[in-house]
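Breakdown of the fold
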Amino acid sequence: MKKPPHSLEFLTIEKMVDLYCKAHHQNPRCPKCQEFLDYAFTKLKSCPFGNQKPACKNCSIHCYQKDRREEAKAIMRFAGPRMVFHHPLLAIFHLLHKMKKLKGLKFRS
């Protein structure tokens, strides 16, 4: 699936999935991880908050299915600390993004 041109969020989850997959599946990106990444991209693309989207952890709308949410948690729990060493700028962006407040956000039309 084609990613948007300037989506740091998608790039961050893509790098996290790659770190996780390489460590757990001995592959740069296996079909299962690619399927998860496609799912995550679909959810990012259809987020009702648009460009003002908060980090999923801070969002009032949990659009991931329960099993996918658990999969995302496992990937982020593993890859999050490693992002500082492999992709430091994305890690900093992600941490700052997680601090964003939901207050005042509006759904896109």
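Residues numbered from 1 in each chain as written. Predicted model: local features only at pLDDT ≥ 70, side-chain atom pairs only at ≥ 80, totals over all residues. Heavy atoms only, no water.

Scanning the model with the defined rule gives 4 aromatic pairs in all. An angle of 80° between the planes, with centres 5.9 Å apart, marks the rings of Tyr20 and Phe78 as edge-to-face. Taken as a pair, Tyr20 in helix H1 (residues 8-25) and Phe78 in helix H3 (residues 66-86) lie far apart in primary sequence, 58 residues in all. For the pair formed by Tyr20 and Phe78, the shared burial category is buried. Ring geometry for Tyr39 against Tyr64: centres 5.3 Å apart, planes inclined by 75°, an arrangement best described as edge-to-face. In this pair, Tyr39 is assigned in helix H2 (residues 31-45) and Tyr64 in the loop between H2 and H3, connecting sequence segments 25 residues apart. It is Arg82 that lies over the ring of Phe78; its NZ or CZ is 3.7 Å from the centre. (Phe/Tyr/Trp six-rings, centres within 6.5 Å; stacked < 30°, edge-to-face > 60°. Helix = DSSP H or I, 4+ residues; strand = E, 2+ residues; numbered from the N terminus. Buried < 20%, exposed > 50% of the residue type's maximum accessible area, 1.4 Å probe, protein only. Lys NZ or Arg CZ within 6 Å of the ring centre and 35° of its normal.)

Inspection of the entire model under this criterion finds 1 cavity of 30 Å³ or more. Its volume calculated, the largest cavity comes out at about 100 Å³. In this structure, the largest cavity is lined by Lys43, Leu44, Cys47, Pro48, Phe49, Lys53, Cys56, Cys59, Ile61, Cys63 and Tyr64. Residue classes in the lining of the largest cavity are distributed as 9 nonpolar, no polar and 2 charged. (1 Å grid on protein atoms, 1.4 Å probe; cavity = no way out; pocket = protein on both sides within 12 Å on 5 of 7 lines; lining within 4 Å. Points joined across faces, edges and corners; volume = space filled by probe spheres on them. Nonpolar A, V, L, I, M, F, W, Y, C, P; charged D, E, K, R; others polar.)

Let us look at H1. Residues lying three or four places apart along an α-helix face the same way, a consequence of the helix completing one turn every 3.6 residues. The terminal C-alpha atoms of H1, which comprises 18 residues, lie 25 Å apart, in line with the 26 Å expected from a rise of 1.5 Å per residue. Where H1 is concerned, the buried positions are Phe10, Thr12, Ile13, Glu14, Met16, Val17, Leu19, Tyr20 and Cys21. In the segment just after H1, Gln26 is the residue with positive phi, at about 55°. (Expected span 1.5 Å × (residues − 1).)

On to the nonpolar core. Counting residues in each nonpolar core, the largest one holds 23 residues, and the members touching the most others are Ile13, Val17 and Phe36. Counting residues per element, the ones that place at least two in this core are H1, H2, H3 and helix H4 (88-98). Contacts of Phe36, omitting those with residues within four sequence positions, involve Ile13, Val17, Tyr64, Arg68, Glu71, Ala72 and Ile75. (Core = buried A, V, L, I, M, F, W, Y, C linked by side-chain atoms within 4.5 Å. Contact = heavy atoms within 4.5 Å.)

All told, the structure shown has 5 salt bridges when counted by the stated rule. Residue Glu14 is joined to Arg29 by a salt bridge in which the shortest nitrogen-to-oxygen separation is 3.3 Å. Pair noted here: Glu14 is in helix H1 and Arg29 is in the loop between H1 and H2, with a separation of 15 residues, a long-range link. Using a relative accessible area of 27% as the deciding quantity, one classes Arg29 as partly exposed. (Salt bridge = Lys/Arg side-chain N within 4 Å of Asp/Glu carboxyl O.)

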